[in-house]
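The chain contents come next:
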Amino acid sequence: MPAAADHDRFFARRRWMRTVLAGGGTLALPALAQSMDRPLDVPFVPTSDETVDRMLRMAGVGPKDYVIDLGSGDGRIVITAAKQFGATGFGVELNTERWKLSLRNAEKEGVSDRATFYQRDLFETDLSKATVLTMYLLPAVNLKLRPRILALRPGTRVVSHDFDMAEWMPDARADRSWTRVYLWIVPARVEGEWSWKQAVGRGAPEFTMELRQQFQVISGSVRIDNEPYWLTDARLRGDEISFTVIGDAGGVRIRHEYSGRVAGDAIKGTVRMVNGDNAAPQSAPWTVVRVPKKP
Ligand SMILES: C[S@@+](CC[C@H](N)C(=O)[O-])C[C@H]1O[C@@H](n2cnc3c(N)ncnc32)[C@H](O)[C@@H]1O
């Protein structure tokens, strides 16, 4: 728990953030929150050390990660990611004083080689190196960033302090009495038609699958040699997909549990098959390709 003084300060800042939000965000920012360089999109309210730790733990940050903090303030998130979790990364901050402070803080903590800071607009920042993106921004800013975040490499983890991304539901959420941390895993794009051949009994019929997708939530239908089957338990987490196909194939009851990784227009993985009521399960490699859209 933070000390009482921290707690009071934190509430005061949060009240201020709420006032800004109630006024509609950017347009209502008080003069205090203006950068010398250009108006800020978000006021400076630092994340408490305890919440920084929680954000990085929720994202599972480790030495292989590249962390980008959008609106990095005094640099605490990237510095902690480097110093305590062994990660590398950078932060971008518009405000000159805070940008300089973050460089000094990284130096003081001995992590300047792995925690870099740029004075840059977060909307003009290339995010492609991120394996983890951290944000303490505002709902409207999160929403504006959302299409760019969804275009990042599938599996990229995104953690946001206090603010969500509207109808893109988080994959996890942790609430403490006065803060909330959201985690999203950027989903692979799987909507559309896929097809593969799979041995069932003596034949190798053609499977076609139509997937619908709303962010990480997927559902769909499967046909085997053009006959409809059940598709259940469809899950997508980053580039990892799994689902089960159940039905009756030419008198043989089948249950196929598929799991694999999406890589562009292909999915590679394994299938665990039970073909027939008393049959022993068999495992086999499984490859599926995307059916090109008809012009
Ligand atoms: C709420 S603070 C969060 C600071 C830090 N990430 C943390 O969690 O402690 C938001 C920061 O974003 C910066 N900021 C606002 N608009 C920005 C923009 N367009 N580009 C870069 N930084 C911006 C502000 O100066 C402020 O330091």
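Overview of the structure.

Analysis parameters
- Residues numbered from 1 in each chain as written.
- Predicted model: local features only at pLDDT ≥ 70, side-chain atom pairs only at ≥ 80, totals over all residues.
- Heavy atoms only, no water.
- Helix = DSSP H or I, 4+ residues; strand = E, 2+ residues; numbered from the N terminus.
- Buried < 20%, exposed > 50% of the residue type's maximum accessible area, 1.4 Å probe, protein only.
- Areas by Shrake-Rupley, 256 points an atom, 1.4 Å probe, with all protein chains shown as cover.
- Pairing = 2+ DSSP bridges.
- Axes fitted to C-alpha atoms, helices over the stretch in contact; angles between N-to-C directions.
- Contact = heavy atoms within 4.5 Å.
- Polar contact = N/O pair within 3.5 Å; in protein donor to acceptor, adjacent residues only side chain to side chain.
- Right-handed = clockwise from strand over helix to strand, strands pointing away.
- Salt bridge = Lys/Arg side-chain N within 4 Å of Asp/Glu carboxyl O.
- Phe/Tyr/Trp six-rings, centres within 6.5 Å; stacked < 30°, edge-to-face > 60°.
- Lys NZ or Arg CZ within 6 Å of the ring centre and 35° of its normal.

Considerations on the overall build of the protein chain
Phase 1 of the analysis: Counting its secondary structure elements, the protein chain contains 5 helices and 15 strands.
Phase 2 of the analysis: A total of 295 residues make up the protein chain; the buried ones form 47% of that total.
Phase 3 of the analysis: When the accessible area of the protein chain is evaluated, it comes to approximately 15,100 Å², of which 52% is carbon and sulfur surface.

Quick look at the sheet that holds strand β10 (residues 217-224)
Phase 1 of the analysis: Strands sit in the order β8-β9-β10-β11-β12-β13-β14-β15 around a closed barrel of 8 strands; the barrel is antiparallel. Taken pair by pair, the neighbouring strands of this sheet meet at an average axis angle of 25°, ignoring direction.
Phase 2 of the analysis: Here strand β14 (residues 266-275) runs beside strand β15 (residues 282-290); their pairing, made up of 8 bridges, is antiparallel. Residue Arg 272 lies in a different strand from β15, and its bridge partner there is Ser 283.

Notes on helix α2 (residues 49-58)
It helps to recall that an α-helix has 3.6 residues per turn; residues three or four apart then point in one direction.
Phase 1 of the analysis: Three or more residues of α2 are buried, namely Thr 51, Val 52, Arg 54, Met 55 and Leu 56.
Phase 2 of the analysis: Considering only its buried residues, α2 is in contact with α3 (76-85), β4 (132-135), β5 (157-161), β6 (172-176) and β7 (179-185).
Phase 3 of the analysis: Of the residues flanking the end of α2, it is Gly 60, one or two places downstream, whose phi is positive at about 65°.

Looking at the side chain of Asn 95
Phase 1 of the analysis: Mapped onto the fold, Asn 95 is located in the loop between β2 (88-93) and α4 (96-108).
Phase 2 of the analysis: For Asn 95, a relative accessible area of 10% translates into the label buried.
Phase 3 of the analysis: A polar atom in the side chain of Asn 95 sits 3.1 Å from the backbone nitrogen of Glu 97.

What about the pairing of strand β1 (residues 66-70)?
Phase 1 of the analysis: Among the 5 residues of β1, 5 are classified as buried, and the element is accordingly described as predominantly covered.
Phase 2 of the analysis: Every second residue of β1 is oriented toward a common face, with Tyr 66, Ile 68 and Leu 70 on one face and Val 67 and Asp 69 on the other, all of them buried.
Phase 3 of the analysis: Taken together, β1, α3 and β2 constitute a β-α-β crossover, and its handedness is right-handed.
Phase 4 of the analysis: Relative to β4, β1 is paired through 4 bridges, and the arrangement is parallel.

What about the pattern of salt bridges?
Phase 1 of the analysis: Per the counting criterion, the structure on display carries 16 salt bridges.
Phase 2 of the analysis: Close ionic contact of Arg 98 with Glu 93 constitutes a salt bridge, the shortest N to O distance being 3.8 Å.
Phase 3 of the analysis: A salt bridge links Glu 257 to Arg 255; its shortest N-O distance comes to 3.0 Å.
Phase 4 of the analysis: Overall, Arg 255 belongs to the partly exposed group, its relative accessible area being 36%.
Phase 5 of the analysis: One network of salt bridges, in which partners are shared, links Asp 49, Asp 74 and Arg 76.

Quick look at the packing of aromatic side chains
Phase 1 of the analysis: On inspection of all chains with the given rule, the structure shows 14 aromatic pairs.
Phase 2 of the analysis: Aromatic pair Trp 196 and Tyr 258: ring centres 5.2 Å apart, planes at 70°, arrangement edge-to-face. Of this pair, Trp 196 sits in strand β8 (residues 192-197) while Tyr 258 sits in strand β13 (residues 252-263); the two residues are 62 residues apart in sequence, bridging distant segments of the chain.
Phase 3 of the analysis: Under the relative-accessibility criterion, Tyr 258 is labelled buried at 2%.
Phase 4 of the analysis: Centre to centre, the rings of Tyr 258 and Trp 286 are 4.7 Å apart; their planes meet at 50°, and the pair counts as tilted. One end of the pair, Tyr 258, is in strand β13; the other, Trp 286, is in strand β15, with 28 residues separating them in the sequence.
Phase 5 of the analysis: Classification of Trp 286 by relative accessible area gives buried; the value is 2%.
Phase 6 of the analysis: One aromatic cluster in this structure is built from Trp 196, Phe 207, Phe 243, Tyr 258 and Trp 286.
Phase 7 of the analysis: Here the guanidinium or amino end of Lys 144 rests over the ring plane of Phe 123, the centre of that ring lying 4.3 Å away.

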